[in-house]
Structures are given as structure tokens and as C-alpha cells.
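# Structural features, examined
Spelled out, the chains give:
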Amino acid sequence: MKKTKFKIYVSRYKDLVYSQAYYFTNNAEDANDITQDVLIKLWHHLDSISHRAMKSWLLKVTKNLCIDRSRKKRELTASVVAANSERRKYAGRTDDILG
């Protein structure tokens, strides 16, 4: 029963979830990953979501996962920039560092 219900919701809402994920990320690979994550969450929470709330639940989860992904990318970018800045700071100064 759960498997059948899940298949119905996936066929009905997968494209909508992907479209919203792509809208937020502007990246097909990220949108695919987020869609997959949303569908996994759907499977785990399927019995606790009412049919009436399904669409809004899916869109809210999609939006939240997009925000999380954006935040993680921003943090990663900031740490890479900081590491590169440190590297440039010591570039050409190996004599000072090595003694």
C-alpha cells in the first residue's frame, strides 16, 4: 500500500519539485540531488502527511533543502577563499618559513 501511494505521489509531484529546486538553485545537478532528497523524505514521512497537505509539504521541504544547500555552498566558498588567501600570504616566503 505504501509503495503504491508513494509511486502515485512521485509521478504527480516529481516534476514540480524539480522545477522549484531548479528555480532556487539554477543548477540541474543540484536540482536533481534536491529532488532525490525530497523524495526520500517523502518516503520516510508518507504516513504522517495528509493528502491535502502533500503539495505544500513537498514545496516547503524543497525550499528548505535549497536554502540548506545554498548555505553550505556559501560556507564552503568562504573557507576556500580564506585558505587561498592564507596560501597567497605565504607564497614566495618559503625561506622565512623554512628558516
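Please refer to the structure placed before this passage.
Residues numbered from 1 in each chain as written. Predicted model: local features only at pLDDT ≥ 70, side-chain atom pairs only at ≥ 80, totals over all residues. Heavy atoms only, no water.

Before going further, it helps to spend a moment on the overall build of the chain. Along the chain, the regular secondary structure elements total four helices and zero strands. In the chain, the succession of α and β elements from N to C terminus is α-α-α-α. In the chain, buried positions account for 22% of the 99 residues. Across the chain, contacts joining residues at least 24 apart in sequence account for 62% of those joining residues at least 6 apart. For the chain, the accessible area works out to roughly 7,500 Å², and carbon and sulfur atoms hold 53% of it. (Helix = DSSP H or I, 4+ residues; strand = E, 2+ residues; numbered from the N terminus. Buried < 20%, exposed > 50% of the residue type's maximum accessible area, 1.4 Å probe, protein only. Contact = heavy atoms within 4.5 Å. Areas by Shrake-Rupley, 256 points an atom, 1.4 Å probe, with all protein chains shown as cover.)

Bringing helix H2 (residues 28-45) into the picture now. Look at H2: 25 Å from first C-alpha to last across 18 residues, which is about the 26 Å you get at 1.5 Å a residue. All buried positions along H2 are accounted for by Asp30, Ala31, Ile34, Thr35, Val38, Leu39 and Leu42. The opening residue of H2 is Asn27, an N-cap whose side-chain oxygen sits 2.9 Å from the backbone nitrogen of Glu29. (Expected span 1.5 Å × (residues − 1). Polar contact = N/O pair within 3.5 Å; in protein donor to acceptor, adjacent residues only side chain to side chain.)

Structurally, Asp30 can be placed in helix H2. Not counting residues within four places of it along the chain, the set of residues in contact with Asp30 comprises Thr25, Arg69 and Lys73.

Taken as a whole and assessed by the stated rule, the structure comprises four aromatic pairs. Relative to Trp43, the ring of Phe6 lies with its centre 5.1 Å away and its plane at 85°, an arrangement referred to as edge-to-face. Within this pair, whereas Phe6 is found in helix H1 (residues 2-25), its partner Trp43 is found in helix H2, the two being separated by 37 residues in sequence. Classification of Trp43 as partly exposed rests on a relative accessible area of 32%. (Phe/Tyr/Trp six-rings, centres within 6.5 Å; stacked < 30°, edge-to-face > 60°.)

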